[in-house]
Amino acid sequence: RLKESAKREKERERARARARASERGNCRYNNTKARDFGYTTKKEMRKGARSSSSAGAVAVTSTLHDAKNAIGWGKYHWILFLITGFCLMAESVEVNLLAFMSIDAAKEWHLNPIQASSIAASVFAGEIVGCSAFGIFGDRFGRKPAFILSIALIAGFGVASSFSPSVYFLVSMRFLV
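Everything in this summary refers to the structure shown in the same document. Values in this document were obtained by computation on a predicted structure and should not be read as measured data. (Residues numbered from 1 in each chain as written. Predicted model: local features only at pLDDT ≥ 70, side-chain atom pairs only at ≥ 80, totals over all residues. Heavy atoms only, no water.)

### Concerning the packing of helix α6 (residues 113-141) against helix α7 (residues 143-162)
When two helices pack together, their arrangement is captured by the angle between the axes and the distance separating the axes. Contact geometry for α6 and α7: axes closest at 7 Å, N-to-C directions at 140°. Here α7 runs oblique to α6, going by the angle between their axes. Where α6 approaches α7, its residues Phe134, Phe137, Gly138 and Phe141 are matched on the opposing element by Arg143, Pro145, Ala146, Leu149, Ser150 and Leu153. Partitioned by chemical class, the residues of the contact of α6 with α7 number seven nonpolar, two polar and one charged. (Axes fitted to C-alpha atoms, helices over the stretch in contact; angles between N-to-C directions. Helix = DSSP H or I, 4+ residues; strand = E, 2+ residues; numbered from the N terminus. Parallel < 35°, antiparallel > 145°, perpendicular 65-115°, else oblique. Contact = heavy atoms within 4.5 Å. Nonpolar A, V, L, I, M, F, W, Y, C, P; charged D, E, K, R; others polar.)

### Focus: the packing of helix α5 (residues 75-109) against helix α8 (residues 167-176)
At a minimum axis separation of 12 Å, α5 and α8 run at an interaxial angle of 170°. Looking at the two axes, α5 sits roughly antiparallel to α8. Contact residues: α5 offers Glu94, Leu98, Met101, Ala105 and Trp109, while α8 offers Val167, Leu170 and Arg174. Residues of the contact of α5 with α8, tallied by class, amount to six nonpolar, no polar and two charged.

### Overview of α8
Of all the positions in α8, only Val167, Leu170, Met173 and Arg174 are classed as buried. End-on, the buried residues of α8 take up no more than an arc of 125°, which puts them together on one face. In this structure, the buried side of α8 is in contact with α5, α6 and α7. (Buried < 20%, exposed > 50% of the residue type's maximum accessible area, 1.4 Å probe, protein only. Arc of directions from axis to C-beta.)

### Comments concerning the environment of Glu127
Here Glu127 lies in helix α6. On the accessibility criterion, Glu127 (29% relative accessible area) is partly exposed. In this structure the C-alpha to C-alpha distance between Glu127 and Leu176, which are 49 residues apart in sequence, comes to 8.4 Å.

### Digging into a nonpolar patch on the surface
Among the surface-exposed residues, Trp73, Trp78, Phe81, Leu82, Phe86 and Met89 lie close enough to one another that they form a single nonpolar patch of about 690 Å² accessible area. Among the secondary structure elements, Phe81 is positioned in helix α5. (Patch = residues over 30% accessible without salt bridge, like charges linked within 9 Å, V, L, I, M, F, W, Y side chains within 5 Å. Areas by Shrake-Rupley, 256 points an atom, 1.4 Å probe, with all protein chains shown as cover. Salt bridge = Lys/Arg side-chain N within 4 Å of Asp/Glu carboxyl O.)

Here you go:
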């Protein structure tokens, strides 16, 4: 009985020591952040990453590779990577389409060079306005709703521009793409 009691008391003392060490910031047991970035203790992490510019501030320094390994890369990340990649590819195709569209529109509607180049100019003017507007929208409502709305607008106005009856409608639709 005395041995069991002494064992339990030692274990309690170890638990108290771990709790005190954790409060001081040099815990080796319950320190996943420090361990994820290659440090054995929080104290060691602070010592290695102390910022000289502000008193007492701690700056964690790590590489992108270390951060990615700490977070992990799973099925969700692959799906997100593929969806955003395909959407950005579709946007690139929209921009590359300008070279062919300007030539065909000039032939179809007998446009002068200034009118034909206004099609491409409207797309890039729309990108300036759209990037500014969607930056503000993304800050206010989040990146996901901004991304989904932008993809929906690109698809909708892209289809609408394919049914353009005149060059002016085409220029306005390409501005909104």
